Amino acid sequence: MTTFDLPAPAKLNLFLHITGRRADGYHELQTLFVMLDHGDRLHFEPHSHLDFQCDDPDLPTDDDNLVLRAARLLQEHTGCRQGARLRLQKRLPAGGGVGGGSSDAATTLCGLNLLWDLNLEEAELIALGLKLGADVPVFVAGHSAWAEGVGERLTPVFMPEEWFLVVHPGIAVPTARIFSDKELTRHTPPITVPASLDRGSLDSLQNDCESVAKRHFPPIAEALDWLQREAGNARMTGTGACCFARLAGEQAARQLLPRLPQHWTGFVARSKQISPLREALATLRARQNSGTS
């Protein structure tokens, strides 16, 4: 396999319940992930060693970046001595709760598995991804999922495609800041997957991190208030900072986007049952099997 590009899509947590805390400090949770058709993009090509660059000058390009950490982890796990030139086109905000870094790591694992012809199974890539972060496995799996544990126990679910306006209020939220807060709810009773994942069922659920994030980061409260006034059903995703609202369709979402306050950014995206990464990988594998470059 020669040069190719792969998407690193965003995700939304349609709800997030914290159900307990383990002895190792990690939090038990329940959440519903949906993949979006908007995200970062990674360029892969063969190279003598690992070489990584990013078009966002504010992001590290050393081992603090999850892309390089994922690549080195894959080398260590397999004993692979091949290199790669990796170029990240960054579109998702850091510390935004839409999974930017985790998605980049998942795309790196999946892309290098193909580039280096390692032929690792999905379950093995998911296990490696969990070493990098709790959200990485869902991006490797690449489908809408009900998640439990620390986010690694995934049950595929069917979710209809919907349009969302996602708003970033101009701040980054360190996940550790939210999970270390003494007032974070850590005892929401576990629930079973609802028989019907319709809007009525989901709208009755909440994000347990939202009240803590609003207290620490007032711009999140402002974004939620604005979205609630303009669109209704406003939610925060993950531990923040991004907030989102479901819109009636693409046109409604795009009409609302230009009305964002000037100090915020945002994007319109459609949820996808199967992630753009998984679709792109299937296309590349088919091309590889047919003998075309």
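Everything in this summary refers to the structure shown in the same document. Note that the structure is a prediction, hence the values are computed from the model and not measured. The numbers attached to residues start from 1 for each chain and follow its sequence in the written order. Predicted model: local features are reported for residues with pLDDT of at least 70 only, side-chain atom pairs are reported and counted for 80 or more only, and whole-chain, interface and lining totals are derived from all residues. Side-chain numbers here rest on the full set of heavy atoms in the structure, without hydrogens or water.

1. Considering the overall build of the chain
Stated precisely, the cut-off is as follows: Secondary structure elements follow DSSP: runs of H or I no shorter than four residues count as helices, runs of E no shorter than two count as strands, and numbering proceeds from the N terminus. Residue contacts follow a heavy-atom distance rule, with two residues in contact if any of their heavy atoms lie within 4.5 Å. Working definition of accessibility: Shrake-Rupley area with a 1.4 Å probe, residue cover restricted to the visible protein chains. Only four residue types enter the charge count: Lys and Arg as positive, Asp and Glu as negative, with His and the chain ends excluded. Each charge is placed at NZ for Lys, CZ for Arg, CG for Asp and CD for Glu.
When helices and strands are counted, the chain shows 10 helices and 10 strands. Taking the principal axes of its C-alpha atoms as reference, the chain extends roughly 50 × 45 × 40 Å. Restricting the contact set of the chain to residue pairs at least 6 apart, pairs at least 24 apart contribute 76%. Summed over its atoms, the accessible surface of the chain is roughly 13000 Å², and 48% of this surface lies on carbon and sulfur atoms. One finds the centroid of the 29 positive side-chain charges in the chain at a distance of 1 Å from the centroid of its 35 negative side-chain charges.

2. What about the side chain of His-168?
Test applied: Polar contact is the term for a pair of N or O atoms within 3.5 Å; when the atoms are in protein, one must be able to donate a hydrogen and the other to accept it, and sequence-neighboring residues count only if both atoms are side-chain atoms.
The residue His-168 is located in strand S7 (residues 163-168) in this model. In terms of polar contacts, His-168 uses its side chain to reach the backbone carbonyl oxygen of Ile-171, at 2.7 Å. Setting aside residues no more than four positions away along its own chain, His-168 makes contact with Pro-93, Ala-241, Cys-242, Trp-264, Thr-265 and Gly-266.

3. Digging into the pattern of salt bridges
Using the following cut-off: By salt bridge we mean one thing: a side-chain nitrogen of Lys or Arg within 4 Å of a carboxyl oxygen of Asp or Glu.
Evaluation of the coordinates by the stated rule reveals 16 salt bridges. Note that Glu-45 is salt-bridged to Arg-85, the shortest N-O span being 3.3 Å. Of this pair, Glu-45 sits in strand S2 (residues 27-47) while Arg-85 sits in strand S4 (residues 83-89); the two residues are 40 residues apart in sequence, bridging distant segments of the chain. Each of Asp-37, Glu-161, Arg-270 and Lys-272 takes part in salt bridges that share partners, so that together they form one network.

4. Thoughts on the nonpolar core
For the record, the criterion: What is meant by a nonpolar core is a set of buried Ala, Val, Leu, Ile, Met, Phe, Trp, Tyr and Cys residues, joined one to another through side-chain atoms within 4.5 Å. Whether a residue is buried, partly exposed or exposed follows from its accessible area with a 1.4 Å probe, protein chains only, as a fraction of its type maximum: under 20%, in between, or over 50%, in that order.
Of all hydrophobic cores here, the largest spans 45 residues; its most connected members are Leu-6, Leu-74, Leu-86, Leu-109, Leu-112, Trp-116 and Leu-132. Aside from chain neighbours lying at most four places away, what touches Leu-109 is Ala-70, Leu-74, Leu-125, Leu-128, Gly-129, Leu-132 and Val-136. If you look at the next biggest cluster of nonpolar residues, it comprises 31 residues, including Ile-18, Leu-165, Leu-247 and Ala-253.

5. Regarding helix H10 (residues 276-290)
Applicable threshold: Every helix has an expected span of 1.5 Å times one less than the residues it contains. The arc in question is the one spanned by the directions pointing from the helix axis to the C-beta atoms.
In this model H10 runs 21 Å from its N-terminal to its C-terminal C-alpha over 15 residues, within 8% of the 21 Å that 1.5 Å per residue would give. Buried within H10 we find Pro-276, Leu-277, Ala-280, Leu-281 and Leu-284. One side of H10 carries all its buried residues, which in axial view fall inside an arc of 130 degrees. Across from the buried face of H10, at angles greater than 90 degrees, the exposed residues are Asn-289 and Ser-290. Those residues of H10 hidden inside the fold are in contact with strand S1 (4-21), S2, helix H2 (100-115), helix H4 (136-141) and strand S10 (265-272). Once H10 ends, the next one or two residues include Gly-291, with phi positive near 90 degrees.

6. Here's the deal with the side chain of His-143
The topology assignment puts His-143 in the loop between H4 and strand S5 (145-148). Aside from chain neighbours lying at most four places away, what touches His-143 is Met-35, Val-138, Pro-156, Gln-273, Ile-274 and Arg-278.

7. Quick word on unusual backbone geometry
The residue after Gly-240, namely Ala-241, is reached through a cis peptide bond having omega 15 degrees. Within the secondary structure, Ala-241 is located in the loop between strand S8 (235-236) and strand S9 (243-247). For Asp-117, which is not glycine, the phi torsion reads 55 degrees and is therefore positive. Within the secondary structure layout, Asp-117 lies in the loop between H2 and helix H3 (122-132).

8. Some words on the environment of Asn-13
Looking at where Asn-13 falls in the secondary structure, it is placed in strand S1. Considering only alpha carbons, one finds Asn-13 and Gly-99, 86 residues apart in sequence, at a separation of 9.8 Å. Residues within four places of Asn-13 in sequence aside, it is in contact with Thr-31, Leu-32, Phe-33, Gly-97, Met-236, Thr-237, Gly-238 and Phe-244. Here the side chain of Asn-13 touches Gly-238 through a polar contact of 3.1 Å, landing on its backbone nitrogen.

9. Some points on the pairing of strand S6 (residues 153-156)
The test is simple: Pairing between strands is defined by DSSP: at least two bridges between them are needed.
In this sheet, S6 lies alongside S5 in antiparallel orientation, the contact comprising 4 bridges. By the bridge assignment, Ala-145 is partnered in S6 with Pro-156. The turn linking S5 back onto S6 is made up of 4 residues, and Gly-149 within it adopts a positive phi angle of 70 degrees.

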